[in-house]
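For reference, the chains in residue letters:
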Amino acid sequence: MRVLLAEDDLLLGEGIKTGLELLGFSVDWVRDGYAAERELSLCEHEAAILDLGLPRMQGMQVLKEVRAKKIPVPVLILTAQDALPLKIEGLDRGADDYLVKPVDLMELAARLRALVRRSHGRTESALDLGLLQIELDTRTVYWSEEKVDLSTREFDLLKVLALSAGRVLTRSQVETQLYSWGKEVNSNAIEVHVSNLRRKLAPRVIETLRGVGYRMPKTIGPQA
């Protein structure tokens, strides 16, 4: 899951970024409001963590600008300000959740996962695609009721495709969701991960449309 972190406190930002990455997230970190608004306008992130006290443009103004552009990215406000009127204002302006610093990383990660599930029209923490079962919170995969061990990147790729089951995702769209800034992507990295998933699960669990992208069926039966 690729998220945007907008936080100007260097120590806190580094701690959140490092902690979330250890939990399997890809995190892009910006330190001012203009940068946050710019990156959110690109629609490359599945969720955003937004501090209200950002320099150059306050977080509440960033939220206002983003929602005025009809950008649907889920936004979690993370702030040291615990005043109830501020919480109400943030939620009324389009925030999806609100946490007060200091924050527990496990709770932050759980809330981000919940936001992304809801943004995909899901409330449950597991994906059921027939023979393929994916438990998002525990990052566990079952094929025909048998647990399958996947690498971190293999699981992330499987999740990206499963959340968009039935739709074609271009290679660029997949890479955008998998990799944060500064991550060097080998030219055949996605193909290698797709090949590994087919070997560990089934040959037809992921369809390659040459020159277009990849697609996972909504329901995977024995013929896969």
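The paragraphs below set out a description of the structure included in this document.

## Re the overall build of the chain
- Secondary structure summary: the chain contains 8 helices and 12 strands in total.
- Relative to a compact globule of 224 residues, whose C-alpha radius of gyration would be 17 Å, the chain shows 18 Å and is just as compact.
- Based on the C-alpha atoms only, the size of the chain along its principal axes is roughly 55 × 30 × 30 Å.
- With 224 residues in all, the chain has 48% of them scored as buried.
- Sequence separation of 24 or more characterises 57% of the internal contacts of the chain that already satisfy a separation of 6 or more.
- Per element, the accessible surface of the chain, about 11100 Å² overall, is 50% carbon and sulfur.
- Separation between the mean location of the 31 positive side-chain charges and that of the 33 negative ones in the chain comes to 5 Å.

## What to know about the nonpolar core
- Within the largest apolar cluster, 32 residues are counted, with the highest numbers of intra-cluster contacts made by Leu132, Ile134, Val141, Leu158, Leu201 and Met216.
- Sorting the residues of this core by element identifies β6 (126-129), β7 (132-135), β8 (140-143), α6 (152-163), α7 (171-178) and α8 (189-200) as the ones contributing at least two each.
- Listed in part, the 22 residues of the second largest apolar core include Ala6, Val30, Leu50 and Met60.

About the criteria used
Residues numbered from 1 in each chain as written. Predicted model: local features only at pLDDT ≥ 70, side-chain atom pairs only at ≥ 80, totals over all residues. Heavy atoms only, no water. Helix = DSSP H or I, 4+ residues; strand = E, 2+ residues; numbered from the N terminus. Rg over C-alpha atoms; globule rule 2.2 N^0.38 Å. Buried < 20%, exposed > 50% of the residue type's maximum accessible area, 1.4 Å probe, protein only. Contact = heavy atoms within 4.5 Å. Areas by Shrake-Rupley, 256 points an atom, 1.4 Å probe, with all protein chains shown as cover. Lys, Arg positive; Asp, Glu negative; His and termini not counted. Charge placed at Lys NZ, Arg CZ, Asp CG, Glu CD. Core = buried A, V, L, I, M, F, W, Y, C linked by side-chain atoms within 4.5 Å.

Functional significance is not addressed by these values, which are geometric in nature.
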